[in-house]
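# Remarks on the overall topology
So the chains spell out like this:
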Amino acid sequence: MVDPHRLRVFRAVVQTGSINRAATRLGYTPSAVSQHVSALQRETGLALIEKRGRGIAPTSAGIAVADRAARVLDQLADFDSLADDLRSGRSGTLRITCFSSSNRAWMPAVAATLVREFPDLRLELALTELGGPHAGEPDVELYVAESVRGDRDPSVADGSADGYDIEHLRTEGYVVVVPAAHALAMRGSVSLAELADEPWIDNDHARGPCREIILSACAEQGFAPRFRIQAPDYTTAIDYVAAGVGVTVLPKLGALGMPDGVVVIPVDDAAARRRIMMRVKRSMRMHPAVQRLTELLRTAALA
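Residues numbered from 1 in each chain as written. Predicted model: local features only at pLDDT ≥ 70, side-chain atom pairs only at ≥ 80, totals over all residues. Heavy atoms only, no water.

## Let's talk about the overall build of the chain
For clarity, the cut-off: Put simply, DSSP H or I for four residues or longer makes a helix, DSSP E for two residues or longer makes a strand, and each gets a number counted from the N terminus. The classification of residues rests on relative accessible area computed with a 1.4 Å probe and restricted to protein chains. Under 20% of the type maximum is buried, over 50% is exposed, and intermediate values are partly exposed. In this analysis, two residues are considered to be in contact whenever any of their non-hydrogen atoms come within 4.5 Å of each other. To be clear on the numbers: accessible area is Shrake-Rupley with a 1.4 Å probe, and residue cover counts the displayed protein chains and nothing else.
Check the secondary structure of the chain and you find 9 helices and 12 strands. The buried share among the 303 residues of the chain stands at 42%. Counting contacts in the chain only where the partners sit at least 6 residues apart, residues at least 24 apart contribute 75% of the total. A total of about 15600 Å² of accessible surface is found on the chain, and carbon and sulfur atoms cover 53% of it.

## Details of the pairing of strand E12 (residues 273-281)
Within a regular strand, side chains alternate between the sheet's two faces. Using the following cut-off: DSSP-based pairing: two strands are paired if at least 2 bridges between them are found.
Burial analysis of E12 places 8 of its 9 residues in the buried class, the great majority of the element. Pairing of strand E5 (residues 140-144) with E12, which is carried by 5 bridges, proceeds in the antiparallel orientation. What sits directly across from Leu-142, in E12, is Met-278. As judged from the 9 bridges shared by strand E7 (residues 164-179) and E12, these two strands associate in the antiparallel manner. Considered in E12, the bridge of Tyr-164 is made with Lys-281.

## A closer look at the side chain of Thr-59
For clarity, the cut-off: Polar contact is defined as a pair of N or O atoms within 3.5 Å, subject to the rule that within protein one atom must be able to donate a hydrogen and the other to accept it, and that residues adjacent in sequence are counted only when both atoms are side-chain atoms.
Within the secondary structure layout, Thr-59 lies in the loop between strand E2 (55-58) and helix H4 (60-88). For Thr-59, a relative accessible area of 12% puts it in the buried group. Separated by 3.0 Å, the side chain of Thr-59 and the backbone nitrogen of Gly-62 make a polar contact. Filtering out sequence-adjacent residues up to four positions away, Thr-59 remains in contact with Ala-47, Leu-48, Ile-49 and Glu-50.

## Topic: the environment of Val-249
With respect to the element layout, Val-249 can be found in strand E10 (residues 248-251). Relative accessible area serves as the criterion here: at 5%, Val-249 is assigned to the buried category. In this structure the C-alpha to C-alpha distance between Val-249 and Trp-200, which are 49 residues apart in sequence, comes to 7.9 Å.

## Looking at the pattern of salt bridges
We count it as follows: Every case where a carboxyl oxygen of Asp or Glu lies within 4 Å of a side-chain nitrogen of Lys or Arg is listed as a salt bridge.
Summed over the entire model, instances satisfying the criterion amount to 19 salt bridges. With a shortest N-O distance of 2.7 Å, Glu-172 and Arg-274 are connected by a salt bridge. Taken together, the residues Glu-172 in strand E7 and Arg-274 in strand E12 connect sequence positions 102 residues apart. Owing to a relative accessible area of 3%, Glu-172 belongs among the buried residues under this scheme. Connected through salt bridges with shared partners, the residues Asp-202, Arg-207, Arg-211 and Glu-212 form a single ionic network.

## Some words on the packing of helix H1 (residues 4-16) against helix H3 (residues 30-44)
Put simply, the rule is: Only the stretch in contact is used when a helix axis is fitted, and all axes are lines through C-alpha atoms; the angle between N-to-C directions ranges over 0 to 180 degrees. Just so you know how the angles are binned, under 35 degrees is roughly parallel, over 145 roughly antiparallel, 65 to 115 roughly perpendicular, and the rest oblique. If you view the pair so one helix is near and one far, a crossing is left-handed when the near helix is turned anticlockwise from the far one by less than a right angle, and right-handed when it is turned clockwise.
Where H1 contacts H3, the two axes come as close as 9 Å, and the packing angle between them is 115°. On the basis of the axis angle, H1 is roughly perpendicular to H3. Regarding H1 and H3, the two cross each other, and that crossing is left-handed. Contact residues: His-5, Arg-6, Leu-7, Val-9, Phe-10 and Val-13 in H1; Val-33, His-36, Val-37, Ala-39, Leu-40 and Glu-43 in H3.

## Things to note about the nonpolar core
Quick reminder of the rule: The set of buried Ala, Val, Leu, Ile, Met, Phe, Trp, Tyr and Cys residues whose side-chain atoms join them within 4.5 Å is what this entry labels a nonpolar core.
Trp-106, Val-176, Leu-192 and Leu-297 are the most contacted members of the largest nonpolar core, which totals 59 residues. Residue contributions to this core peak at 7 residues, all from helix H9 (residues 288-302). Sequence-distant contacts of Leu-297, defined by excluding residues within four places in its chain, comprise Trp-106, Met-107, Val-110, Val-140, Leu-142, Leu-169 and Met-278. The next biggest cluster of nonpolar side chains, apart from the first, holds 15 residues, and it includes Ala-22, Val-37, Leu-40 and Val-65.

## Some points on the pairing of strand E9 (residues 226-230)
Our working definition: Seen with the strands pointing away from the viewer, any crossover whose path from the first strand over the helix to the second strand runs clockwise is right-handed.
Of the strand pairs in this sheet, strand E8 (residues 199-202) and E9 are connected by 4 bridges, and their pairing is parallel. Counterpart to Ile-201 in the pairing with E9 is Ile-229. Viewed along the sheet, the connection from E8 through helix H7 (residues 209-220) into E9 turns out right-handed.

Purely geometric stuff here, so don't read any function into it on its own.
Shown next as structure tokens:
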């Protein structure tokens, strides 16, 4: 492995045509410059300079090395600049994975703030519901815990896992969306048991943890929902409710932008709760953009 610093010294020798002049430019002693050039010749196994009269001159190999060194050193300078920018959050890519309701409710405002404060930062967002391979592990991920029992999942009991720091952002309840003319529309809250005989609209094609939580809560009440139709997402399911097809139960965060003709009612069952978690790649924890992102997500979760 060639020492880049020795390439820099050798390039100065070729540019100035003299060990002494190179030493003056670099602020070194002539002896130190000579030692660096000799070491570079040993590293490369090449004769890079030769005596010529009372001075020295680069060999043909030396000229070629000096020419390539210029490009290598320029690339190293670019790399150093990139590293500085990354430490400052001025450039680079931030990979974020989140579930659909958090993406819709929180990420537009969060992303707007990040791109305004870090204009050279590229954001890559992926939805957990879509699955499939992603370009590398996320730097920050929002996800729903598999269980709402206890303070933490067993897998994250120490607040960290697999190179990530993990924290709980929010625990929230579920709501039922019903047509405005429905018999329950004027209620302040309902229990799942009261929905046992209703035609349900399924709203989670991915069969993720949010759906499993509500199915388990229904099972505790001794029934399984009668799904009349499978909708691909919350928004579509709500549109079906507005059309009078049935009712749909979803987390509170997913009940945004309600159309005319529907009513949102809180579900009061204690088991109908989901815990929203955030995990942050430990190696990125001190990145300014990551710090700002996590701050924004904590604030959003409190709203």
